[in-house]
Amino acid sequence: MKILCDNKAAISMAKNPVHHVRTKHVEIDRHFIKEKTDQDIIVVTHVPSCNQTADILTKALPRCSYEDIKTNLGMIDIYHPD
């Protein structure tokens, strides 16, 4: 399974077995992900924020970013077809 993530700190925590003081609340989850990455079941890969397709569903984006992602998804405006 490939996980695409734009947060380098999260990728670092998934790969690095060092306990981080600020991540006590995610300790069990972090160990689970670390175990699965060691077994090559999960691969955590960095993707720049500008290429995060899911952002169109979760964030308010600048118009140019919105239009780019919308085009990549193949979405069209049914009220203004080109």
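Residues numbered from 1 in each chain as written. Predicted model: local features only at pLDDT ≥ 70, side-chain atom pairs only at ≥ 80, totals over all residues. Heavy atoms only, no water.

S.K.: An account of the overall build of the chain is requested, with residue identities and associated values reported.
M.R.: Looking only at helices and strands, one finds four helices and two strands in the chain. Its helices and strands taken in sequence order, the chain reads β-α-α-β-α-α from the N to the C terminus. Relative to its full complement of 82 residues, the chain shows a buried share of 20%. The contacts of the chain with a sequence gap of at least 6 include a subset with a gap of at least 24, amounting to 49%. Split by element, the accessible area of the chain, about 6,700 Å² in all, is 58% carbon and sulfur. (Helix = DSSP H or I, 4+ residues; strand = E, 2+ residues; numbered from the N terminus. Buried < 20%, exposed > 50% of the residue type's maximum accessible area, 1.4 Å probe, protein only. Contact = heavy atoms within 4.5 Å. Areas by Shrake-Rupley, 256 points an atom, 1.4 Å probe, with all protein chains shown as cover.)

S.K.: Describe the pattern of salt bridges, listing the residues and the values that go with them.
M.R.: Where charged atoms from two side chains of opposite charge approach closely, those side chains can pair. Overall, the coordinates contain four salt bridges when judged by the stated rule. Its salt-bridge partner being Asp55, residue Lys59 comes within 3.7 Å of it at the nearest N-O pair. Assessed through its relative accessible area of 45%, Lys59 is described here as partly exposed. Ionic pairing is found between Glu67 and Arg63, a salt bridge with its closest N-O pair at 3.9 Å. Remark: Arg63 and Glu67 occur in helix α4 (residues 63–73); sequence separation between them is four residues, near one turn of the helix. Taking relative accessible area as the criterion, Arg63 reaches 67% and is therefore assigned exposed. Via salt bridges that share partners, Arg63, Glu67 and Lys70 belong to a single interconnected network. (Salt bridge = Lys/Arg side-chain N within 4 Å of Asp/Glu carboxyl O.)

S.K.: Can you explain a nonpolar patch on the surface? Please cite residues and give values.
M.R.: A contiguous nonpolar surface patch, about 440 Å² in accessible area, is contributed by Ile76, Ile78 and Tyr79. Considering the arrangement of structural elements, one finds Tyr79 in the segment after α4. (Patch = residues over 30% accessible without salt bridge, like charges linked within 9 Å, V, L, I, M, F, W, Y side chains within 5 Å.)

S.K.: Would you mind going over the side chain of Lys70 in detail, with residue names and values included?
M.R.: Note on placement: Lys70 falls in helix α4. A polar contact of 3.3 Å, which involves the side chain of Lys70, links it to the side chain of Glu67. (Polar contact = N/O pair within 3.5 Å; in protein donor to acceptor, adjacent residues only side chain to side chain.)

S.K.: Give me the lowdown on unusual backbone geometry, citing residues and values where you can.
M.R.: If you check the backbone angles, Asp40 has positive phi at about 60 degrees while not being a glycine. Here Asp40 is to be found in the loop between α2 (27–38) and β2 (43–46). Note on Asp40: relative accessible area 62%, which makes it exposed.

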